[in-house]
Amino acid sequence: MTSDDVHSLVGAYVLDAVDDDERASFEQHVAGCASCRAELAELRETAGRMADSTWSIPPPRLRAEVMGAIRRTRQLPPADGGRPASEVVSLRPAARLRRWPVAAAAALILSAGTGAGVWAVQEHRLEEQSRIAAAAAQREARVQAILSASDVVMKSGAVRGGGTVTVASSASHSAAVVLMGAVTPPAKDRAFQLWAVHDTTMTDAGVLAAGAGSAVQIVEGLPGSDALGVTLEPAGGSAEPSLPPVAEISLT
Amino acid sequence: MTEHGAARRPDHLSAVPAPPADVGDLLRAVARGDEQAFTRLYDLVAPRVYGLIRRVLRDPAQAEEVAQEVLVEVWRTAARFDAAKGSATSWVFTIAHRRAVDRVRSEQASADRTMKAGAAAMDTPYDEVADEVSGRLERQQVRHCLDDLTELQREAVTLAYYKGHSYREVADLLGAPLPTVKTRMRDGLIRLRDCLGVEVPA
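Residues numbered from 1 in each chain as written. Chains lettered and ligands numbered in written order. Predicted model: local features only at pLDDT ≥ 70, side-chain atom pairs only at ≥ 80, totals over all residues.

### Observations regarding the pairing of strand S3 (residues 175-182) of chain A
Residue and element names in this part refer to chain A.
Okay, step 1: Taking burial as the measure, the eight residues of S3 include eight buried ones, the bulk of the element.
Okay, step 2: Sheet topology note: the strand S2 (residues 163-170)/S3 ladder contains eight bridges and is antiparallel. By the bridge assignment, Val 165 is partnered in S3 with Met 180.
Okay, step 3: Counted along the chain from S2 to the antiparallel partner S3, the turn is four residues long, and its residue Ser 174 has a positive phi close to 50°.
Okay, step 4: The pairing of S3 with strand S6 (residues 214-220) spans seven bridges and is antiparallel. Residue pairing in the sheet places Val 178 in a bridge with Gln 217 of S6. (Buried ≥ 20, exposed ≤ 12 C-beta atoms within 10 Å, placed from the backbone. Helix = DSSP H or I, 4+ residues; strand = E, 2+ residues; numbered from the N terminus. Pairing = 2+ DSSP bridges.)

As structure tokens, then:
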């Protein structure tokens, strides 16, 4: 491949549309070409912006799984061998030694327990999962029905602290789907609570799970209200809204 | 519901979430092993990381698995992020996109997909709704700018980025010569760059 051929791959390279050989030739080419690096940086930034339109709420458990995984994952030091990450690494051996007896004990318990008891727990869990799945499917059908209603009206507004709350309401279903997407979730002992606003009164319209910053909630009877309010409350919700709300979306 | 809201009110007010921090600053703190900074980084980028991977893989269960790999990789390699080569956000999405494409191309993918089909059913409410809503809002600048490309540019760029096709596959799909597809990917991205006003500090 000539240098021009290689360089013309910059778009395909940034889009990860090249094979391994082409990727290697391109990276070699860029290493010796300053102007290519500038173009590469800009086009890579542009490709990254294409991710903006793919926003999708991950299942809430992903957060806990990732946080659990990073606690078991050693960080790489900077490429130049600088200090910050190596300090973290140097703490690990001692901590690992201390944990070993606990891990060994846990392993013993696990190996002793791989009999009927474990199987029963697993079966029970499967049954529970299918019940949850059935309830989720029912809820999803309702959500889809509201969203695909011919009279659905979409409104959205900003959440204090970052993020968006979107309300899709359908008068014919007399219900709305609220999509909460706060950048900063509430603390573990707090929850977002939804309120139907009529004139100056605010009626409880459901509480999200404690600590959840994003959720999809069906609110029955919301159409006809003036607005949807969102407040930050203790876990489980409050009888009266704590003002000012973190978000308020006008529905009129 | 109990009557405990009023008494605790001053408490709630002090719990107002802090304004979102800059992804680059958070990433530098993460490189020093700061788990709290990682939590905030997660909240800022996870919906886009997950959304991008899900768009490419089209399977919520696999997308969740790859998103987890990517986010842990961000934690693991945070110290290798070099601000001179681009923004922190684009660094994160480069890792995410590459991993998603690798997964699409691995032969293992179809087998996994069947295995995970059961688990996927439980996740659909969040995912489907989020897609449906963002699809209906159509207000993103990216979509507007993509509309500005020629049809061939747009097809070439989106088939590669959102569907994980190689440029050879794109050429096949569009019935266009290979050099043309390479060129359209490049000039399509350049046009998109200008429309989005992307700038990289020199």
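What follows continues from the structure just given.
### Here we look at the sheet that holds strand S8 (residues 247-250) of chain A
Residue and element names in this part refer to chain A.
Okay, step 1: Sheet architecture is open: four strands sit in the order S5-S4-S7-S8, paired in antiparallel fashion. Either end of the sheet is taken by a strand with one partner, and the two such strands are strand S5 (201-207) and S8. On average, adjacent strands in this sheet sit at an angle of 30° to one another, irrespective of strand direction.
Okay, step 2: Inspection of the sheet shows strand S7 (residues 227-234) paired to S8 by four bridges, in the antiparallel sense. Across the sheet, residue Val 230 finds its bridge partner in S8, namely Ala 247. (Axes fitted to C-alpha atoms, helices over the stretch in contact; angles between N-to-C directions.)

### Regarding unusual backbone geometry
Okay, step 1: Here Leu 243 of chain A and Pro 244 of chain A are connected by a cis peptide whose omega angle stands at 0°.
Okay, step 2: Even without being a glycine, Asp 199 of chain A presents a positive backbone phi close to 55°.
Okay, step 3: Along the polypeptide, Asp 199 of chain A turns up in the loop between strand S4 (190-198) and S5.
Okay, step 4: Taking the number of C-beta atoms within 10 Å as the measure of exposure, Asp 199 of chain A has 8 and is therefore exposed.
Okay, step 5: Unlike most non-glycine residues, Arg 58 of chain B shows phi in positive territory, near 60°.
Okay, step 6: By the element assignment, Arg 58 of chain B lies in the loop between helix H3 (35-57) and helix H4 (60-77).

### What to know about the confidence of the model for chain A
Okay, step 1: The pLDDT averaged across chain A works out to 78; a share of 76% of its residues lies at or above 70.
Okay, step 2: The secondary structure element of chain A with the lowest average pLDDT is helix H6 (residues 83-112) of chain A, at 39, and the one with the highest is helix H2 (residues 10-14) of chain A, at 95. (pLDDT = per-residue confidence, 0-100.)

### Thoughts on the environment of Val 66 of chain B
Residues and elements named next belong to chain B.
Okay, step 1: Note on placement: Val 66 falls in helix H4.
Okay, step 2: A tally of 24 C-beta atoms within 10 Å means that Val 66 is categorised as buried.
Okay, step 3: Between the alpha carbons of Val 66 and Tyr 50 there is a distance of 8.3 Å; along the sequence they are 16 residues apart.
Okay, step 4: Contacts of Val 66, omitting those with residues within four sequence positions, involve Ile 53, Leu 57, Arg 99, Ala 100 and Arg 103. (Contact = placed C-beta atoms within 7 Å.)

### Considerations on the nonpolar core
Okay, step 1: The biggest cluster of nonpolar side chains holds 104 residues, and the ones touching the most others in it are Val 178 of chain A together with Val 49, Ile 53, Ala 160 and Met 185 of chain B.
Okay, step 2: Here the element with the most residues in this core is H3 of chain B; it accounts for 12 residues.
Okay, step 3: Residue contacts for Ala 160 of chain B: discarding those within four places in its chain leaves Ala 12, Leu 15 and Ala 17 of chain A together with His 165, Tyr 167, Val 170 and Met 185 of chain B. (Core = buried A, V, L, I, M, F, W, Y, C linked by C-beta atoms within 7 Å.)

### Quick word on the packing of helix H4 (residues 34-49) of chain A against helix H5 (residues 88-105) of chain B
Okay, step 1: For the pair H4 of chain A and H5 of chain B, the least separation of the axes is 9 Å and the interaxial angle reads 75°. Taken together, the axis directions place H4 of chain A and H5 of chain B in an arrangement best described as roughly perpendicular. For the pair formed by H4 of chain A and H5 of chain B, the contact residues are Arg 44, Glu 45 and Gly 48 of chain A on the first element and Thr 89, Ser 90, Phe 93 and Thr 94 of chain B on the second.
Okay, step 2: Within the contact of H4 of chain A with H5 of chain B, the residues separate by chemical class into one nonpolar, four polar and two charged. (Parallel < 35°, antiparallel > 145°, perpendicular 65-115°, else oblique. Nonpolar A, V, L, I, M, F, W, Y, C, P; charged D, E, K, R; others polar.)

### A short note on the packing of H4 of chain B against H5 of chain B
All names here are of chain B.
Okay, step 1: Two elements in contact, H4 and H5, have axes separated by 10 Å at closest approach and are oriented at 140°. It follows from the interaxial angle that H4 and H5 lie oblique. In this structure, the crossing between H4 and H5 has a hand that is right-handed. Residue-level contacts link Gln 62, Val 66, Glu 69, Val 70, Glu 73 and Val 74 of H4 to Val 92, Ile 95, Ala 96, Arg 99, Ala 100 and Arg 103 of H5.
Okay, step 2: In terms of residue class, the contact of H4 with H5 is made up of seven nonpolar, one polar and four charged. (Left-handed = near helix turned anticlockwise from the far one by under 90°.)

### Focus: helix H2 (residues 23-31) of chain B
All names here are of chain B.
Okay, step 1: Among the residues making up H2, those that are buried are Leu 26, Leu 27, Val 30 and Ala 31. Down the axis of H2, the buried set is contained in an arc of 145°. They therefore lie on one face.
Okay, step 2: Once H2 finishes, Gly 33 follows within two positions and takes phi at roughly 85°, a positive value. (Arc of directions from axis to C-beta.)

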